[in-house]
Amino acid sequence: MRIEVLYFDGCPGHERLMPRLGELLASAGVEDPVELVRVESLHDAEQHRFLGSPTLRIDGVDVDPAASERTDYGLKCRLYRTEGTQQPLPSDEWVLAAIERARPAGRAER
């Protein structure tokens, strides 16, 4: 499973995400490493389809179900819209659902 956290230095959101992501991965029995991807320019943001910091992708797919409909790439702090609120981190439910979608068939959580 490929796990990527895309970020830029102007926003501390990825620093808050990393410990929580570690807990969620451990609870799901995932031991794959997390790759930190630093986005340094608007060109990089467009090339990476970077919707803001932090962006979490599992097997290349953003954990935010609505991300595929967006094209507002740029160097900014990201807000995740969940249940009528905006949060600086993706919901645990989105992360766990993305992990389950990425699991090979027949491989259950430990």
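None of these values were measured; they are calculated from a predicted model.

Cut-offs used in this document
Residues numbered from 1 in each chain as written. Predicted model: local features only at pLDDT ≥ 70, side-chain atom pairs only at ≥ 80, totals over all residues. Heavy atoms only, no water. Core = buried A, V, L, I, M, F, W, Y, C linked by side-chain atoms within 4.5 Å. Buried < 20%, exposed > 50% of the residue type's maximum accessible area, 1.4 Å probe, protein only. Helix = DSSP H or I, 4+ residues; strand = E, 2+ residues; numbered from the N terminus. Contact = heavy atoms within 4.5 Å. Expected span 1.5 Å × (residues − 1). Bend = angle between axes of the 7 residues up to and from the residue.

(A) Focus on the nonpolar core. Of all hydrophobic cores here, the largest spans 18 residues; its most connected members are Leu21, Leu56 and Ile99. Counting residues per element, the ones that place at least two in this core are β1 (3-7), α1 (13-27), β3 (55-58) and α3 (92-102). When residues no more than four places from it in sequence are discounted, the contact partners of Leu21 are Ile3, Val5, Val34, Leu56 and Val95. By size, the runner-up hydrophobic cluster in this structure holds 7 residues, among which are Leu6, Phe8, Cys11 and Ala45.

(B) View of α1. The end-to-end C-alpha distance of α1 is 22 Å, a good match for the 21 Å that 15 residues give at a rise of 1.5 Å each. Maximal helix bending in α1 amounts to about 25°, located at Pro19. Listed in full, the buried residues belonging to α1 are Gly13, His14, Leu17, Leu21, Leu24 and Leu25. Contacts made by the buried residues of α1 are with β1, β2 (34-38), β3 and α3. One or two residues past the end of α1 sits Gly29, with phi positive at roughly 75°.

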